[in-house]
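Below, each chain spelled out in residue letters.
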Amino acid sequence: MILILYLVYLLLPIALLFLGSFGEKWTNTLLPQGFTLHWYLEVASDPSFQRAFFVSLFVAIATCGIVVLIGLPMAYGMERGTLKRTQFFTRLLQLMPIAAPPMVVAFGYIILFSSDAFPYLGTTWLLVIGHVVSTLPYMVQTLIGDIRHLGLVQLEQAADSLGASFRQRFLHVVVPTLRHSILSGLFTVGALSIGEFQLSNLIAGFLNRTYPIVLLQSFYNASGFACSATVVLLILSIVASLLGTGAPTGTFGERKNVL
Amino acid sequence: MRKSFFSTPGGYISLTLPGVLLLGGFFIFPLLVVLVTSFIEGGGDSFVRILQDPLFYRGLWGSLVLSFSASFVSLVCGFLIALRMVKLSSRLRNILMLLISLPLTFSGMVVAYGFILTFGRAGFFTILLSYVGVDPVAFSRFIYSPVGLSFAYCYYLIPRVVFNLLPVLLNFDTRKLLAAESFGAGRIRQMFEILIPEILPAIVSAFCLVFSVAFGAYGTALALTGTQLNILPLLLYSKISDAGSDFPVAAALSVVLLSVGTLVMSAGELFASHRKEAHR
Amino acid sequence: MKISLQQITFTYPHTLYGVFDIDLEIQEGELLAVIGSSGSGKTTILKLIAGFEHPQKGTLLFGDRPVQVLPPSKRNLGVVFQSYALFPLMTALENVAYPLKVRGVRTEDRLARALEMLRRVGLEAFADRYPATLSGGQQQRVALARALVFQPNALLLDEPLSALDAKLRIEMRDEIRNLQRQNGITTIHVTHDQEEALSIADRVAFLKDGRLVQVDTPKNLYDHPKTIEVAKFVGRSNLIPVQVVDTDRIETPFGVLSCSTKGFSPGSSSTALIRPESILLYPSIEAAQSQHGTTVFPCKIIRDRFLGPVRRVDVEVKGYILEAETMWRGEIGACSIKRDSICLFLKTE
């Protein structure tokens with residue numbers, strides 16, 4: 001019973017967004033009336049949405065690239081470093097972004113990068129770095145979980161005893177074994193980056209506003225337009241997150257979210 | 001022949017350097033800058049100024065009410081959902097996990113508009129309720145209050161609670177409940193005297209986690225209410241986005257947000273690790 | 001290759017666990033089994049030899065060459081892990097060929113050699129299968145083939161059979177022994193299963209709390225254990241508190257037994273070890289006396305377990321309970337104890 005109630009609560013808003021995006025008119029009625037696709041065409045031809053869509057896509061892809069380049073060695077190093085407090089540092093890394101609200105980090109950026117010394121506020125690269133910082137802990141955590149789960153340390157010891165060098169072990173054993181985890185982590189990082197609002201909204205410039213920021217402005221338009229603009233973002237998130245959890249790693253990590 | 005550099009503990013740790021530097025420079029350092037700004041700039045009286053501002057107290061109260069009710073409701077719902085999921089087949093459970101995990105990657109904007117459509121002034125649910133005699137205006141006034149807004153926050157928080165509690169509940173040996181039952185304990189007693197005490201660390205840390213998330217978030221609230229609602233994150237948002245903004249005061253507010261989040265999280269962690277050690 | 005451990009000491013960081021002052025020499029071509037309860041340090045010794053851990057003190061020699069500073073990849077040892085540690089994304093053949101690949105052996109050569117090795121462990125038909133699709137015993141064979149294919153200096157086996165079921169375990173024991181003999185390769189076999197150790201090893205080393213207690217042939221370890229712990233760990237035992245009467249007799253709770261008491265002064269107390277199979281059982285006192293002479297005790301069966309080849313009984317002798325094993329299936333009313341099967345220890349318990 002509680003499950004069914006919960007699923008209704010979970011899925012009803014999603015269903016209504018889809019219905020609303022195809023409805024011609026929806027004012028003070030239970031459900032929208034008429035069927036049309038023209039809201040989608042309107043969103044697609046809106047120049048600010050077009051620009052925002054490509055900014056978001058670029059930021060997400062760049063974020064993914066940097067996160068994997070930094071996150072993989074970091075997770076591997078943390079797990080293999082036989083550090084006394086590895087457990088502690090892993091947990092710290094996981095909790096840091098939750099304890100410090102994105103808005104406060106963004107405010108820090110505003111103070112730092114509106115200065116004359118570093119006038120980078122509003123640049124796309126700062127946006128990317130902000131996204132990298134907020135998604136990196138998630139990636140590292142996913143990888144560390146799977147390094148343990150898949151017994152990578154022992155596989156590597158085996159390769160080591162068989163004569164493989166560090167480079168050979170990394171390329172023949174570590175990367176292939178973790179490929180599903182990396183992929184799954186990347187899709188989730190992509191989903192998080194595309195939906196990110198709290199940080200971007202404060203540090204993006206007018207010309208590189210991301211999709212969610214532009215979307216917020218559209219809430220004051222006709223409901224059909226707002227619905228279809230929202231559905232675009234919704235579909236991107238769902239696809240990325242299904243691809244992410246669909247990659248068969250067997251572990252469900254805890255995800256970072258962006259409220 | 002010496003060992004290769006990367007096989008030494010120091011070598012492994014050096015692999016973490018790029019990540020550590022990035023997080024240091026673009027996460028820790030900005031937070032320090034905020035801290036320094038709040039204490040030093042603007043004559044150093046920024047904390048005194050926010051303490052004299054009645055808006056701060058209203059915002060703090062609103063935030064506490066919103067975060068507390070949101071986390072409490074999420075905790076109860078999440079616990080019951082996780083408890084129910086333990087009994088499902090692992091196949092069905094995995095499908096459900098997939099569905100439940102969806103909101104975690106949703107943009108705050110998606111959820112905000114979904115809620116406007118469902119519970120807003122002319123929302124689906126609001127209109128349904130009006131058929132049974134609930135005044136839509138009164139209902140939407142409730143929905144846009146701190147307590148009502150917690151209903152929207154639950155959308156993200158319940159999945160977090162479920163993901164934190166489900167593994168613990170799956171590991172719980174249900175034979176202990178059967179044993180209690182054989183001694184004559186009823187369902188309620190079993191839950192409150194056997195199950196909950198044992199998983200209390202997980203419950204407390206899940207609560208602290210969702211409380212901190214709720215306390216520092218502003219996206220959904222902004223999309224739903226503009227800056228009308230009296231909560232600290234929105235107060236800070238309007239201070240930051242105002243032209244000619246008062247940085248020291250905004251920094252002081254940030255420090256309050258940051259410390260509440262950090263304190264609550266650390267309290268949760270401390271409690272959980274303390275209990276773990278006591279049981280060792 | 002001969003492996004020598006000289007005064008090796010290692011403790012895990014921030015703990016008191018480890019191994020202490022280990023002196024051990026494994027001869028060329030020898031199979032040494034290392035046994036002990038869990039936490040005794042047996043796997044640690046293996047890790048030290050393999051190079052996964054490094055001793056804080058002492059010398060490790062391969063032949064005459066000190067190797068403490070060599071990384072595992074330079075030690076040229078074949079290691080078989082408890083969980084096999086097969087690479088999940090490589091086929092059986094690729095797994096076996098991997099050590100040759102990192103040694104730069106040409107593709108055709110290494111595949112041919114790997115296939116030959118798989119043939120020797122009876123798995124050539126499974127060359128293209130992935131580890132996840134192989135049974136436990138097959139994975140075990142692949143792991144062995146992988147550890148042997150590059151003709152390593154020595155073979156290190158870390159509880160290789162513990163994940164297999166009882167029957168397969170016994171088959172694999174012989175197979176390991178055969179492969180080891182064929183290759184004439186120095187082998188260290190870590191196990192918690194004393195029967196496994198006794199049945200395949202040339203010598204057995206017993207560890208307790210990180211220290212070597214006894215290194216001996218299986219026969220000596222069983223017949224002449226150095227301490228009560230060894231006696232308890234290896235085989236089944238009756239441990240009886242006794243008083244030494246004179247040079248030839250001891251007083252037990254159930255009567256006087258004749259046994260050599262060399263090294264013990266009359267009047268001192270001691271513990272006697274009597275293996276279950278050296279308690280001889282008879283239907284009656286008369287039958288016993290006709291076969292054995294004087295030291296015969298009447299006894300009564302308390303518990304009777306039929307194990308197939310033998311029968312394990314608990315018998316009560318004047319209020320004291322002894323465990324005995326016999327192939328005799330008939331009635332039991334008396335017992336006697338062979339003089340030379342009694343082993344005395346200084347009382348430590």
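Along each chain, residues carry numbers from 1 onward, in the same order as the chain's sequence is written. Chain letters start at A and ligand numbers start at 1, both assigned in the order the entries are written. Local features in this predicted model are restricted to residues of pLDDT 70 or higher, and side-chain atom pairs are both shown and tallied only at a pLDDT of 80 or more, whereas totals for entire chains, interfaces and linings draw on every residue. Side-chain calculation: all heavy atoms of the structure are included, whereas hydrogens and water are not.

Colleague: Report on the overall build of chain B, specifying residues and quantitative values.
Modeller: Under the scheme used here, helices are H or I runs from DSSP no shorter than 4 residues and strands are E runs no shorter than 2 residues, and both carry numbers assigned from the N terminus. Along chain B, the regular secondary structure elements total 14 helices and zero strands. Starting at the N terminus and ending at the C terminus, chain B contains elements arranged as α-α-α-α-α-α-α-α-α-α-α-α-α-α. Dimensions along the principal axes, computed over C-alpha positions, put chain B at roughly 85 × 70 × 30 Å. Residue exposure (1.4 Å probe, protein chains only): buried if accessible area is under 20% of the type maximum, exposed if over 50%, otherwise partly exposed. Going through the 280 residues of chain B one by one, you find that 50% of them count as buried. Considering only intrachain contacts with a sequence separation of at least 6, the fraction spanning at least 24 residues in chain B is 72%. Just so you have it, chain B exposes about 12700 Å², and 68% of that area is on carbon and sulfur atoms. His residues and chain termini do not enter the charge count, which takes Lys and Arg as positive and Asp and Glu as negative. The atoms used to mark charge sites are NZ of Lys, CZ of Arg, CG of Asp and CD of Glu. Charge centroids of chain B, computed over 19 positive and 12 negative side chains, lie 12 Å from each other. Contacts between residues were defined by any pair of non-hydrogen atoms, one from each residue, lying within 4.5 Å. Here the open area of atoms and residues is found with the Shrake-Rupley method and a 1.4 Å probe, where only the protein chains shown may cover a residue.

Colleague: I'd like a description of the side chain of arginine 209 of chain A, backed by residues and values.
Modeller: All names here are of chain A. As for its placement among the helices and strands, arginine 209 is situated in the loop between helix 10 (200-203) and helix 11 (211-218). An unpaired buried charge is present at arginine 209: no salt bridge exists, and aspartate 46, the closest side chain of opposite charge, is 7.6 Å distant. Polar contacts, as counted here, are pairs of nitrogen or oxygen atoms within 3.5 Å of one another; within protein the pair requires one atom able to donate a hydrogen and one able to accept it, and residues that are adjacent in sequence qualify only if both atoms are side-chain atoms. Separated by 3.4 Å, the side chain of arginine 209 and the backbone oxygen of phenylalanine 206 make a polar contact. Residues contacting arginine 209, with those up to four places away along its chain left out, are Ser48, Ala52, Val55, Ala204, Val214 and Gln217. Salt bridge, as applied in this entry: a Lys or Arg side-chain nitrogen positioned within 4 Å of an Asp or Glu carboxyl oxygen.

Colleague: Describe the sheet that holds strand 18 (residues 311-317) of chain C, with residues and values.
Modeller: Residue and element names in this part refer to chain C. Strand order in this open sheet of three strands is 17-18-19, and the pairing throughout is antiparallel. Looking at which strands have only one partner, the edges of the open sheet turn out to be strand 17 (300-306) and strand 19 (320-326). Each neighbouring strand pair of the sheet contributes to a mean axis angle of 20°, computed without reference to strand direction. Strands are treated as partners if at least two bridges between them are detected by DSSP. Pairing of strand 17 with strand 18 involves six bridges; the strand directions are antiparallel. Orientation is described by lines fitted to C-alpha atoms, with helices fitted over the stretch in contact, and by angles between N-to-C directions that extend from 0 to 180 degrees.

Colleague: Just give me the short version of the interface of chain B and chain A, but keep the residues and values in it.
Modeller: Every contact between the two is made by 91 residues of chain B and, on the other side, 84 residues of chain A. Throughout, the accessible surface (probe 1.4 Å) given up by two parts as they are put together, summed over both, is called the buried area. Where chain B abuts chain A, roughly 7900 Å² becomes buried across the two surfaces, and 80% of that area is made up of carbon and sulfur atoms. The interface formed by chain B and chain A includes one salt bridge. Between arginine 91 of chain A and glutamate 269 of chain B there is a salt bridge, and its shortest N-O distance comes to 2.8 Å. Here chain B is connected to chain A by nine residue pairs in polar contact (both at pLDDT 80 or more).

Colleague: I'd like a rundown of the side chain of serine 21 of chain A, residues and numbers included.
Modeller: Residues and elements named next belong to chain A. Mapped onto the secondary structure, serine 21 falls in helix 1 (residues 2-22). A distance of 2.7 Å separates a polar atom in the side chain of serine 21 from the backbone oxygen of phenylalanine 18. Among all residues touching serine 21, those that are not within four sequence positions of it are Thr36, Trp39, Tyr40, Gly224, Cys227, Ser228 and Val231.

Colleague: How would you explain the packing of aromatic side chains if you had to name every residue and give the values?
Modeller: Each aromatic pair joins two rings of Phe, Tyr and Trp (for Trp, the six-membered one) with centres within 6.5 Å, and gets the label stacked for planes under 30 degrees apart, edge-to-face for over 60, and tilted for any other angle. What the rule picks out here adds up to 42 aromatic pairs over all chains. With centroids separated by 5.8 Å and ring planes inclined at 70°, the aromatic side chains of phenylalanine 68 of chain B and phenylalanine 207 of chain B adopt a geometry described as edge-to-face. With phenylalanine 68 of chain B in helix 4 (residues 54-86) and phenylalanine 207 of chain B in helix 11 (residues 187-216), the pair connects residues that are 139 residues apart, well separated along the chain. A ring pair is formed by phenylalanine 87 of chain C and tyrosine 98 of chain C, whose centres lie 5.3 Å apart and whose planes are at 70°; its orientation type is edge-to-face. Here tyrosine 98 of chain C lies in helix 2 (residues 92-102) and phenylalanine 87 of chain C lies in the loop between strand 6 (77-80) and helix 2, a separation of 11 residues in the sequence. Whether a charge lies above a ring is judged from NZ of Lys or CZ of Arg, which has to be within 6 Å of the ring centre and within 35 degrees of the ring normal. The residue whose ring lies beneath arginine 146 of chain C is phenylalanine 87 of chain C, and the NZ or CZ to ring-centre distance is 4.8 Å. The ring centre of tyrosine 222 of chain C lies 4.0 Å from the NZ or CZ of arginine 275 of chain C, which sits over that ring.

Colleague: Tell me what's going on with the sheet that holds strand 5 (residues 65-66) of chain C, and back it up with residues and numbers.
Modeller: Strand pairing in a sheet relies on backbone hydrogen bonds. The paired strands run either parallel or antiparallel. Residues and elements named next belong to chain C. Strand order across the open sheet formed by four strands is 2-1-4-5, with antiparallel pairing between neighbours. Because the sheet does not close on itself, it has two edges, and the strands there are strand 2 (18-26) and strand 5. Two strands pair when backbone bridges link them, and strand 4 (residues 57-62) and strand 5 are joined in this way by two bridges, in the antiparallel orientation. From the neighbouring strand, phenylalanine 62 faces strand 5, where its bridge partner is arginine 65. On the sheet, helix 1 (residues 42-50) packs against strand 1 (3-11), strand 2 and strand 4 and is oriented at approximately 115° with respect to strand 1.

Colleague: Explain the pairing of strand 21 (residues 342-346) of chain C to me, and be specific about the residues and the numbers.
Modeller: Residues and elements named next belong to chain C. Judged by how many residues are buried, strand 21 sits mostly within the fold: four of five residues are covered. Relative to strand 21, strand 14 (residues 269-274) runs antiparallel, the two being bridged by five bridges. Of the residues in strand 21, the one forming a bridge with isoleucine 274 is isoleucine 342.

Colleague: Before we move on, could you go through helix 5 (residues 90-105) of chain B and cite the residues and values that matter?
Modeller: A rise of 1.5 Å per residue sets the reference length of helix 5 of chain B, with its 16 residues, at 22 Å; its end C-alpha atoms lie 23 Å apart and thus fit the reference within 8%. Buried within helix 5 of chain B are the following residues: Arg93, Leu96, Met97, Ile100, Ser101, Leu102, Pro103, Leu104 and Thr105 of chain B. Residue count minus one, scaled by 1.5 Å, sets the expected span of a helix.

Colleague: Give me the lowdown on the pattern of salt bridges, citing residues and values where you can.
Modeller: Residue and element names in this part refer to chain A. In total, this model carries 23 salt bridges over all chains according to the counting rule given. Between arginine 148 and glutamate 79 there is a salt bridge, with its nearest N and O atoms 3.1 Å apart. Of this pair, arginine 148 sits in helix 6 (residues 124-149) while glutamate 79 sits in helix 3 (residues 47-80), placing them 69 residues apart in sequence. When its relative accessible area of 18% is taken as the criterion, glutamate 79 is described as buried. If you follow the salt bridges from partner to partner, you end up with Glu156, Asp160 and Arg169 in one network.

Colleague: Describe in detail helix 13 (residues 232-241) of chain B, supporting the description with residues and values.
Modeller: Residues three or four positions apart in an α-helix share a direction because the helix packs 3.6 residues into each turn. In terms of residue burial, helix 13 of chain B counts as a mostly covered element, since seven of its 10 residues are buried. Listing the buried residues of helix 13 of chain B in full gives Leu232, Pro233, Leu234, Leu235, Leu236, Tyr237 and Ile240 of chain B.

Colleague: Lay out a nonpolar patch on the surface with the relevant residues and their values.
Modeller: Residue and element names in this part refer to chain B. On the surface, a cluster of nonpolar side chains totalling about 640 Å² of accessible area is made up of Ile28, Phe29, Leu32, Leu35, Val36, Phe39 and Ile40. Here valine 36 lies in helix 2 (residues 17-40). Valine 36 gets classed as partly exposed once you look at its relative accessible area, which sits at 45%. Patch definition: residues with relative accessible area over 30% and no salt bridge; like charges joined within 9 Å; nonpolar side chains (Val, Leu, Ile, Met, Phe, Trp, Tyr) joined within 5 Å.

Colleague: Could you give me a rundown of the environment of valine 232 of chain A, with the residues and numbers involved?
Modeller: With respect to the helices and strands, valine 232 of chain A occurs in helix 12 (residues 223-246). Excluding its chain neighbours within four sequence positions, the residues that come into contact with valine 232 of chain A are Phe53 and Tyr211 of chain A.

Colleague: So, the nonpolar core: which residues are in play, and what are the values?
Modeller: Residues belong to a common nonpolar core when they are buried Ala, Val, Leu, Ile, Met, Phe, Trp, Tyr or Cys residues joined through side-chain atoms within 4.5 Å. Counting residues in hydrophobic clusters, the biggest one holds 246 residues, and the most contacted among them are Met85 and Tyr153 of chain B together with Ile3, Leu5 and Ile49 of chain C. Among the elements that line this core, the one with the most residues is helix 3 of chain A, at 15 residues. In this structure, this core is formed jointly by two domains, domain 1 (1-39) and domain 2 (45-279) of chain B, each of which donates at least three residues. Not counting chain neighbours up to four residues away, the residues in contact with isoleucine 3 of chain C comprise Leu24, Glu25, Ile26, Ile49, Leu60, Leu61, Phe62, Ala154, Thr186 and Ile188 of chain C. Grouped together as the second largest cluster of nonpolar side chains are 24 residues, Leu257, Leu281, Ile332 and Leu344 of chain C included. Domain extents, as shown, originate in an automatic or database domain assignment.

Colleague: Just give me the short version of the packing of helix 4 (residues 136-148) of chain C against helix 5 (residues 166-183) of chain C, but keep the residues and values in it.
Modeller: Residue and element names in this part refer to chain C. As a packed pair, helix 4 and helix 5 sit with axes 12 Å apart at the nearest point and diverge in direction by 15°. By the angle between their directions, the pair helix 4 and helix 5 is classed as roughly parallel. Remark: the crossing between helix 4 and helix 5 carries right-handed chirality. Contacts between helix 4 and helix 5 involve Gly137, Gln140, Arg141, Leu144 and Leu148 on the former and, on the latter, Leu168, Met172, Glu175, Ile176, Leu179 and Asn183. Charged residues are taken to be Asp, Glu, Lys and Arg, nonpolar residues to be Ala, Val, Leu, Ile, Met, Phe, Trp, Tyr, Cys and Pro, and polar residues to be all remaining types, Gly included. Taken together, the residues of the contact of helix 4 with helix 5 break down into six nonpolar, three polar and two charged. Here is the rule for angles: anything less than 35 degrees is roughly parallel, anything more than 145 is roughly antiparallel, 65 through 115 is roughly perpendicular, and the remaining ranges are oblique. Handedness of a helix crossing follows the sense of rotation of the near helix relative to the far helix, less than a right angle counterclockwise being left-handed and clockwise being right-handed.

Colleague: Run through unusual backbone geometry, naming residues and quoting values.
Modeller: Leave glycine aside and you will find that most residues have negative phi; peptide bonds, for their part, are mostly trans. Residues and elements named next belong to chain C. In this structure, asparagine 76 is a non-glycine residue whose phi angle is positive, near 60°. Assignment of secondary structure puts asparagine 76 in the loop between strand 5 and strand 6. One non-glycine residue with positive phi stands out, namely glutamine 151, at about 50°. Of note, glutamine 151 is situated in the loop between helix 4 and strand 7 (154-158).

Colleague: Just give me the short version of the domain arrangement of chain B, but keep the residues and values in it.
Modeller: Residues and elements named next belong to chain B. Here chain B is partitioned into domain 1 (1-39) and domain 2 (45-279). Its C-alpha centre places domain 1 at a distance of 32 Å from the equivalent point of domain 2. The interface of domain 1 with domain 2 comprises six residues on the first partner and nine residues on the second. Summing both sides of the interface, domain 1 and domain 2 together bury roughly 530 Å²; the carbon and sulfur share of this comes to 83%. Area buried by domain 1 at its contact with domain 2 is led by Val34, Thr37 and Ser38, which between them contribute 63% of it.

Colleague: If you had to explain the environment of leucine 155 of chain C to someone new, which residues and values would you point to?
Modeller: Looking at the secondary structure, you find leucine 155 of chain C in strand 7. Every residue in contact with leucine 155 of chain C, bar those within four places of it in the chain, is listed here: Gly78, Leu144, Ala147, Leu148, Ile185, Thr186, Thr187 and Ile188 of chain C.

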